[in-house]
Amino acid sequence: MSYLEWLENSLTDKLEEQPVGEPVALRAYLELSEDHGHLVPTAGAMAAVAGAWFGAGLPKVYALGGAGQGYVSVTATYPGGQTALIVAESLSAAAGERPSVRLLLIGNRGTMEFADAPGADFRTVDRTPPAGAGSAALSRAIADSLRSGAPVEGRVHNGG
Amino acid sequence: MASPPFGVLLVTGGMTHQENYGAGFLADPRATVVGLTDESDVDERRDRLNRELADQFGIPFLPDIREALARSDVHLVSVCSEFERRTRVSQLCAEAGKHLYVDKPMVTNMAEADKLVATARRRGLRGQMFTQVGAPYARRLKGIVDSGALGEIKSIQCDLMFAKGFTGGAPLGAPRREHDPPRRFTFPDAKREIWTTAVYSLTLIRWLLGGPRFRSVYATSANYFFEEHYKRDVEDFGTLALTLDNGVTASLIAGRIGWHSHRSSGPNFTRIIGSNRSFLLDAHSPRFEISSDRKWAPPAKDPIDPMGFWSSTMERGNAQPKPFWHEPPTAPGRSDQALFLDCLEQDKEPEVTLDDAAQASEAMLAAYRSAATGQVVPLPLPR
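Below or above, wherever it landed, is the structure these notes cover. (Residues numbered from 1 in each chain as written. Chains lettered and ligands numbered in written order. Predicted model: local features only at pLDDT ≥ 70, side-chain atom pairs only at ≥ 80, totals over all residues. Heavy atoms only, no water.)

Considering helix H1 (residues 3-16) of chain A
Residues and elements named next belong to chain A.
Logical step 1: For H1, the full list of buried residues reads Tyr-3, Leu-4, Leu-7, Leu-11 and Leu-15. Projection of H1 onto a plane perpendicular to its axis shows the buried side chains occupying an angular sector of 90 degrees, all on one side. Among the exposed residues of H1, those pointing more than 90 degrees away from its buried face are Asp-13 and Glu-16.
Logical step 2: In the stretch just after H1, Gln-18 is the one whose phi turns positive, near 55 degrees. (Buried < 20%, exposed > 50% of the residue type's maximum accessible area, 1.4 Å probe, protein only. Helix = DSSP H or I, 4+ residues; strand = E, 2+ residues; numbered from the N terminus. Arc of directions from axis to C-beta.)

Below, the structure is given as C-alpha cells:
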C-alpha cells in the first residue's frame, strides 16, 4: 500500500464520527520524492484523497508551478462546494530535506492537523503516488491546467 | 524631516478598528490625538459610536470633518470609516494635505484608488494601510527571505484564518454563487472574509518579495461556517491562487472558522518555496503547549456583534484568552501606528504604502470576479 493510500484509509473511518463536523476544506503540503516526475501524480492523488474524505466526486482543478519549477500548487473545487489547496514539492536532498506531510483538514465545526515525516521513524513506506482511476484523472486534469493556464474539470476516461 | 509631536485626527470611532489604532496613537509619545471626527451626515448609530469612543479616549469630538481637517495642528489622520465611505473620506483628508493612516482594505473601487494614490503623491503625503508586516512572525519571514538561505523564491503559500464566531449555521452541500462586483462590504454582523483577511496575506506576499505586482488571480469563495454570513450572502472562507510579474506564484486561504477551530487565535502558516529549499513558519511557534484542568469557553454571543469583531465587544463579554498555548515573544513587537510615526519622523516611505493598499484591493476585487466566473482574471483590472 502506498503512503497516500494509507493516509486516506487512516482517516476515512474516523471522519464518519464527524470529529470536526462536515469536512469542507483541506490544505496539504507534501514533500515525498526527489523525482520531479512525481509532483503532478502526487498532487492528483492527494486531490483524490481529499475527494474521498469530502465524500465528493472529481473536482475542477487549477494548477500553478510545474515539474520544472520543483512544485505544483493546485486549487481543487469539488461538486459539493468543498475546496482543497494542495502543494506537492520536490525534496532537495542537497539541502538535507526529509519527506514531510502537513495537512490541515477544516470542518464546519473544527479542524484537524496532521504532520508526518514518512519513513523517519524506521517505517518502510512507499512514497510513490498511487495509480487509482481518480488519481489518474486528476493528474491528467492538473497537467492540462498547467499547460493551458486555466481551470480544468477532472473527468474519468472510460478507455474508449 | 518632520518632528514630533504629530497631531493625529481620528476619523470614525467605535465598533471599528479605530478602537485599536486610536489606542496605539494615544500610547505613542510622539503623537497627540487632537480629536475624533466624521462626516456630518452619518446615521444615528455611527454618530453615537463616534461620540462614545471620543469619550472613552478622553478626546474632543469634532462634529465637522472639514473644520477638523483645516486645523493646523492636525498632521495625520487615522481613517476607519466603513468600506463604502473609506475612499471618499481618505480623499477628503488627502486633499486637505494630511498624511494618511488607513484601515484595511483601503478602497473598493480602482478608479477611486488611482485618484487617491495620485492625490497623495501630488501633495507629497505619506500613506500607510494597517497590515501585519510589523508582526514578529512577518519580521522573521522577511529576515529568512532576505538572507538568501532559501535561494530564489518560487512560490509563497499563506494560510490565515481567525478562530472566532459560532459555527454550524451555514447550510452545506453546494458551491457558493459569488457576485461580481460585490454588492456590499459592510455589515454589523458579518465581514466578507476574503476582503478582510486575504488583505493581510496579499500585502505580506508582495512585501516579502520586494513589491512585484499581481498579474492574475484565480479564486474560490464559500459559506462553510456561519449563519450570519449566509444570511448576508457573503463568504466566510476563500482561496486565491496568484501569479506575480516576477514569475513567483502564491496561494492563500483566508477565513473565519469558529471559536473552537484552533487552540489560539487561528491557523497562520506561511510556506515559502525557494530554489535551494522550502520553509514553513507557524506564526504560533515557538510555543509551550499546556494541558491542564483550566477550562475555556468563548464569550457569550453578543447581539450587536455576534462574531466578536471588535475589542469593545470582547471586553464587554469578558472574553478570556485561550489557556492552551503560551507563545513567548521572539522579537520585540512595535505597533503598526508606531511604524507609521517612524516614517513621518524619518521622512521615509512606509512599508505598506497607499499603492500597495490599492494592489491588495485590486487582487481581491479580481478574486470576487474569478469566484463568480470560475475563470482566471488577469490584472490590472479595467478602469
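Moving on from the model shown.
Topic: the packing of helix H5 (residues 110-122) of chain B against helix H11 (residues 354-373) of chain B
Residue and element names in this part refer to chain B.
Logical step 1: For the pair H5 and H11, interaxial distance at closest approach is 10 Å and the crossing angle is 175 degrees. In terms of axis orientation, H5 runs roughly antiparallel to H11. Along its contact with H5, which presents Met-110, Ala-113, Val-117 and Ala-120, the element H11 presents Leu-354, Asp-355, Ala-358, Ser-361, Glu-362 and Leu-365.
Logical step 2: Along the lines of polarity and charge, the residues of the contact of H5 with H11 split into seven nonpolar, one polar and two charged. (Axes fitted to C-alpha atoms, helices over the stretch in contact; angles between N-to-C directions. Parallel < 35°, antiparallel > 145°, perpendicular 65-115°, else oblique. Contact = heavy atoms within 4.5 Å. Nonpolar A, V, L, I, M, F, W, Y, C, P; charged D, E, K, R; others polar.)

Looking at the packing of aromatic side chains
Logical step 1: With the rule as written, the count across this model stands at 20 aromatic pairs over all chains.
Logical step 2: Where Tyr-62 of chain A meets Tyr-218 of chain B, the ring centres are 4.5 Å apart and the plane angle is 40 degrees; that geometry is what we call tilted. On the criterion of chain membership, the pair formed by Tyr-62 of chain A in strand E2 (residues 60-66) and Tyr-218 of chain B in strand E8 (residues 214-222) is interchain, its members lying in two chains. You'll find Tyr-62 of chain A and Tyr-218 of chain B in the same group, each marked buried. (Phe/Tyr/Trp six-rings, centres within 6.5 Å; stacked < 30°, edge-to-face > 60°.)

A closer look at the sheet that holds strand E6 (residues 110-116) of chain A
Residues and elements named next belong to chain A.
Logical step 1: Read across the sheet, seven strands follow the order E6-E5-E1-E4-E3-E2-E7 without closing on themselves; strand pairing throughout is mixed. Among the strands making up the open sheet, the edge pair consists of E6 and strand E7 (152-153).
Logical step 2: As paired strands, E2 and E7 are joined by two bridges and run antiparallel to one another. In the strand pairing of E7, Lys-60 is matched with Glu-153.
Logical step 3: Relative to strand E1 (residues 23-33), helix H2 (residues 39-54) is tilted by about 150 degrees, and along the sheet it contacts E1, E2, strand E3 (71-77), strand E4 (83-90) and strand E5 (100-107).
Logical step 4: Contacts between helix H3 (residues 133-148) and the sheet are confined to E2, E3 and E7, with E2 contributing the most and set at about 60 degrees to the helix. (Pairing = 2+ DSSP bridges.)

Digging into the pattern of salt bridges
All names here are of chain B.
Logical step 1: In the structure shown here, the tally under the stated rule is 43 salt bridges over all chains.
Logical step 2: Note that Glu-351 is salt-bridged to Arg-139, the shortest N-O span being 2.8 Å. Residue Glu-351 is located in the loop between helix H10 (336-346) and H11, and its partner Arg-139 is located in helix H6 (residues 136-147); the two are separated by 212 residues in the primary sequence.
Logical step 3: You can call Glu-351 partly exposed: its relative accessible area is 36%.
Logical step 4: Judged by relative accessible area, Arg-139 falls into the partly exposed class, the value being 30%.
Logical step 5: Salt bridges linked by common partners bring Asp-38, Glu-39, Arg-46, Glu-82, Arg-85 and Arg-88 together as one network. (Salt bridge = Lys/Arg side-chain N within 4 Å of Asp/Glu carboxyl O.)

Thoughts on the interface of chain A and chain B
As a measure of interface size, the accessible area lost when the parts come together is often cited.
Logical step 1: Listed as interface residues are 38 residues of chain A and, on the opposing side, 41 residues of chain B.
Logical step 2: Summed over both partners, the interface of chain A with chain B comes to about 3200 Å²; 59% of that surface belongs to carbon and sulfur atoms.
Logical step 3: Together, Tyr-29, Tyr-71 and Asn-108 of chain A form the three largest contributors to the area buried by chain A at its contact with chain B, with a combined 16%.
Logical step 4: Our count for the contact surface shared by chain A and chain B stands at three salt bridges.
Logical step 5: Glu-89 of chain A is the salt-bridge partner of Arg-271 of chain B, the closest N and O atoms lying 2.7 Å from each other.
Logical step 6: In this assembly, chain A and chain B are joined by 15 residue pairs in polar contact (both at pLDDT 80 or more).
Logical step 7: Listed by contribution, the elements that provide at least two residues to the side of chain A that touches chain B are E1, E2, E3, E4, E5 and E6 of chain A.
Logical step 8: For the side of chain A that touches chain B, the element with the highest residue contribution is E1 of chain A, accounting for five residues.
Logical step 9: Residues that form the side of chain A that touches chain B fall into these classes: 15 nonpolar, 14 polar and nine charged. (Buried area = accessible area lost by both parts, 1.4 Å probe. Polar contact = N/O pair within 3.5 Å; in protein donor to acceptor, adjacent residues only side chain to side chain.)

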